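# Breakdown of the fold
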Amino acid sequence: MEDVFNWQINRNMKYPYPAAMPEKQFAAVFDINKCIGCQTCSITCKTTWTAGRGQEYMFWNNVESKPYGGYPLYWDSKLLEKIGGGKWNNNTYEGKTIFEKAAEENKSVEGFLPALEDWSYPNMGEDEISGGDVKQGMHIESLPHPIWFFYLPRICNHCSYPACVAACPRQSVYKRPEDGIVLIDQSRCQGYRQCVSGCPYKKPMYNATTNRSEKCVACYPKTEVSLHTQCMEHCIGKIRTQGWLSQPDKADPSNPIDYLVHIKKIALPLYPQFGTQPNIYYIPPIHVPSPYLVQMFGTGVDAAIKAYKAAPSDTTLKGLLVLFGSCAELMTKFEVKNDIAIGYNSKGDVVAQAPIVEPNVIREHYDKARDVYRLDVT
Ligand code: SF4
Ligand code: SF4
């Protein structure tokens, strides 16, 4: 085991290989507050990548309802139980990562192989609420809500310390040095499913027709030419933005991902205590009680929600939030000028523009041109 630094848990940890950070790291931010659970992302991924034989059950992108949903079932609660919850001291994780827990038993990764039927109910628990019954006519006016659920869209996190890489006995899984995308070499894989068992997010999936494991490929043919992946581009709620994440000490405030993750710290990793340093980041839902969110996203949750709620008076943050989902090309820089948010590609060309204040046009009741009165139906 090597000693590596994981900034998400703010300490060194054990990992089977030395740290090897790529030239640039594929990353994305998902704003959970805007997800409507429409599953367009799941379907655009499915029709692009997993429409073949042996892939029928696969959703490389899935959207589950929390707290009760999961694909596969109980993927997260089972692992949390195995590693023994998670203790944080401020922003330092003092519990065991999946690598440290495994080392106690001379294994490389703590994990489990889901049963076949666990993959069969991607929508189990959909829209199921936590906290009691909703009574007819009930209004919930306080934040966080006592009764709640939220949608959690998930893809492979293209982790910096991938458990799938650590678990594979054939070195079939690798992380590309040029962009940090994690792939399974189909010619080396023998279908042992160690990656399925080892990945804490359960994102590699076994194809019984080819006897190989498969996973999200970050739409690399699109990413390589600076385009958003299918799930990012087609998101109806415009909750996603994709780009490149720098190491924390190299954060660039004009890089949208760096700004959200490192500067404003409103986008947080999913279950950082697992230890893989995942690279999909989430703006946590503001209506959900803090203890649940701390378990899921770490101790930065309260500060993240506070900063997010202050966005209406924070021109730069507000500008970036309105640029989410506004272009097919990767937006690698942004700025806000004269109340217009502008996104640029890596060549410096403008790829997105949006006003941060929507023009509000009020139609008069009396329409002079037609000499009619419009009724105010409200
Ligand atoms: S999410 Fe899982 S499959 Fe994806 S890189 Fe991380 S450990 Fe590997
Ligand atoms: S397409 Fe976007 S809004 Fe719809 S479920 Fe997926 S992430 Fe949520």
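Provided above is the structure to which this section pertains.
Residues numbered from 1 in each chain as written. Chains lettered and ligands numbered in written order. Predicted model: local features only at pLDDT ≥ 70, side-chain atom pairs only at ≥ 80, totals over all residues. Heavy atoms only, no water.

### Here's the deal with the site of ligand 2
Surrounding ligand 2, one finds 14 residues, the nearest of these being Cys-35, Cys-38, Gln-39, Cys-41 and Cys-235. Classifying every residue of the shell around ligand 2 by side-chain character gives 9 nonpolar, 4 polar and 1 charged. (Near = heavy atom within 4 Å. Nonpolar A, V, L, I, M, F, W, Y, C, P; charged D, E, K, R; others polar.)

### Points about the packing of helix H9 (residues 290-297) against helix H10 (residues 301-309)
Here H9 crosses H10 at 110°, and the two axes come no closer than 9 Å. When the axis of H9 is compared with that of H10, the two are roughly perpendicular. Across the interface between the two elements, Ser-290, Leu-293, Val-294 and Phe-297 from H9 touch Val-301, Asp-302 and Ile-305 from H10. Tallied by class, residues from the contact of H9 with H10 come to 5 nonpolar, 1 polar and 1 charged. (Axes fitted to C-alpha atoms, helices over the stretch in contact; angles between N-to-C directions. Helix = DSSP H or I, 4+ residues; strand = E, 2+ residues; numbered from the N terminus. Parallel < 35°, antiparallel > 145°, perpendicular 65-115°, else oblique. Contact = heavy atoms within 4.5 Å.)

### Examining the pairing of strand E17 (residues 350-355)
Inspection of the sheet shows strand E16 (residues 340-344) paired to E17 by 5 bridges, in the antiparallel sense. Within E17, the residue paired with Gly-343 across the bridge is Ala-352. Between E16 and E17, which pair antiparallel in sequence order, lie 5 residues; one of them, Gly-348, sits at a positive phi of approximately 90°. (Pairing = 2+ DSSP bridges.)

### Regarding the site of ligand 1
Taken together, Cys-156, Asn-157, His-158, Cys-159, Pro-162, Ala-163, Cys-164, Val-182, Cys-199, Tyr-201, Pro-204 and Lys-215 form the complete shell of residues around ligand 1. For the shell around ligand 1, the class distribution of residues is 9 nonpolar, 2 polar and 1 charged.

### Examining the packing of aromatic side chains
Applying the stated criterion across every chain, the model contains 21 aromatic pairs. Residues Tyr-71 and Trp-119 carry aromatic rings whose centres are separated by 5.3 Å and whose planes lie at 80° to one another, so their mutual orientation is edge-to-face. Pair noted here: Tyr-71 is in the loop between strand E4 (62-66) and helix H2 (75-83) and Trp-119 is in the loop between helix H3 (98-103) and strand E7 (150-154), with a separation of 48 residues, a long-range link. Here Tyr-71 falls in the buried class, since its relative accessible area comes to 0%. Plain terms: the ring middles of Phe-149 and Tyr-151 are 5.4 Å apart, the flat faces sit at 75° to each other, and that makes the pair edge-to-face. Here Phe-149 falls in the partly exposed class, since its relative accessible area comes to 23%. Each member of the aromatic cluster is reached from another via a ring pair, and the members are Tyr-15, Tyr-17, Phe-99 and Tyr-161. Lying across the ring of Tyr-206, Arg-193 places its NZ or CZ 4.1 Å from the centre. The aromatic ring of Phe-30 is capped on one face by Arg-240, whose charged end is 4.1 Å from the ring centroid. (Phe/Tyr/Trp six-rings, centres within 6.5 Å; stacked < 30°, edge-to-face > 60°. Buried < 20%, exposed > 50% of the residue type's maximum accessible area, 1.4 Å probe, protein only. Lys NZ or Arg CZ within 6 Å of the ring centre and 35° of its normal.)

### Some thoughts on the environment of Asp-133
Assignment of secondary structure puts Asp-133 in the loop between H3 and E7. Residue Asp-133 is classed as exposed on the basis of its relative accessible area, which comes to 57%. Considering only alpha carbons, one finds Asp-133 and His-287, 154 residues apart in sequence, at a separation of 16 Å. Beyond its immediate chain neighbours, meaning those up to four positions away, Asp-133 contacts Met-138 and Ile-147.

### Some thoughts on the environment of Val-29
Within the fold, Val-29 resides in strand E3 (residues 25-31). Separated by 330 residues in sequence, Val-29 and Pro-359 place their C-alpha atoms 27 Å apart. Leave out the neighbours within four places in its chain, and Val-29 touches Ile-239, Arg-240, Thr-241, Ile-257, Leu-260, Val-261, Ala-267, Tyr-281, Ile-283 and Phe-324.

### Thoughts on the pattern of salt bridges
All told, the structure shown has 19 salt bridges when counted by the stated rule. The partner of Asp-3 in a salt bridge is Lys-14, and the shortest N-O contact between them spans 3.5 Å. A residue pair is termed long-range when its members are at least 10 positions apart, and Asp-3 in strand E1 (residues 2-6) and Lys-14 in strand E2 (residues 11-15) qualify at 11 residues. A relative accessible area of 35% means that Lys-14 is categorised as partly exposed. For Glu-104, the salt bridge goes to Lys-101, with nearest N and O atoms at 3.4 Å. (Salt bridge = Lys/Arg side-chain N within 4 Å of Asp/Glu carboxyl O.)

### Some points on the sheet that holds strand E15 (residues 333-337)
The pairing of strands in a sheet comes from backbone hydrogen bonds and takes either a parallel or an antiparallel form. Sheet architecture is open: 3 strands sit in the order E15-E16-E17, paired in antiparallel fashion. This sheet does not close on itself; its edge strands, each paired only once, are E15 and E17. Neighbouring strand axes in the sheet, compared pairwise and without regard to direction, differ in orientation by 15° on average. By the bridge criterion, 5 bridges tie E15 to E16 in an arrangement that is antiparallel. Bridge pairing links Lys-337 to Ile-340 in E16. Most of the contacts of helix H11 (residues 315-323) go to E15, to which it runs at about 120°, and overall it touches E15, E16 and E17.

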